[in-house]
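Structural features, examined
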Amino acid sequence: MENNNIVNDLKTLKGFCSQSKITGHILHLWFHSLRCRYPKEFLEYTNNNKFHPYYRMKIMEKLDKSISLKFKNREVENPRDIHP
């Protein structure tokens, strides 16, 4: 059951990413919850389009900060050890 939810979430996120504008309060909440839950997939889905540049930038900053902290805390010695 959990796997079906993830598949449906990713299909929905991909649909949102292909739209230039998300309209409606509930759709915004849904889009942002999926975007935050699946940041790497969001970057993948928006890689080939110019939609949502602000959110792409914010997620990239968050991932860069996370990776930097892992190196700082010595959780990772080699960049190749970071798994998506």
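Structure report, in brief. Note that the coordinates shown come from a computational prediction; the quantities given were computed from them, not determined experimentally.

Definitions and cut-offs
Residues numbered from 1 in each chain as written. Predicted model: local features only at pLDDT ≥ 70, side-chain atom pairs only at ≥ 80, totals over all residues. Heavy atoms only, no water. Helix = DSSP H or I, 4+ residues; strand = E, 2+ residues; numbered from the N terminus. Buried < 20%, exposed > 50% of the residue type's maximum accessible area, 1.4 Å probe, protein only. Contact = heavy atoms within 4.5 Å. Areas by Shrake-Rupley, 256 points an atom, 1.4 Å probe, with all protein chains shown as cover. Axes fitted to C-alpha atoms, helices over the stretch in contact; angles between N-to-C directions. Parallel < 35°, antiparallel > 145°, perpendicular 65-115°, else oblique. Left-handed = near helix turned anticlockwise from the far one by under 90°. Nonpolar A, V, L, I, M, F, W, Y, C, P; charged D, E, K, R; others polar.

1. Details of the overall build of the chain
- When its secondary structure is counted, the chain shows four helices and zero strands.
- Going residue by residue from the N terminus, the α and β elements of the chain occur as α-α-α-α.
- Residues classed as buried in the chain amount to 20% of the 84 residues present.
- The long-range fraction of contacts in the chain, counting pairs at least 24 apart against all pairs at least 6 apart in sequence, stands at 45%.
- For the chain, the exposed area adds up to about 6,700 Å²; of that, 54% sits on carbon and sulfur atoms.

2. With respect to the packing of helix H1 (residues 2-17) against helix H2 (residues 25-37)
- Put simply, H1 and H2 touch, their axes get as near as 10 Å, and they point 115° apart. By the angle between their axes, H1 is roughly perpendicular relative to H2. When the axes of H1 and H2 are compared, the crossing they make is left-handed. Facing H1, whose interface residues are Asp9, Thr12, Leu13 and Phe16, H2 presents Leu27, Trp30, Phe31, Leu34, Arg35 and Arg37.
- The residue makeup of the contact of H1 with H2, split by class, is six nonpolar, one polar and three charged.

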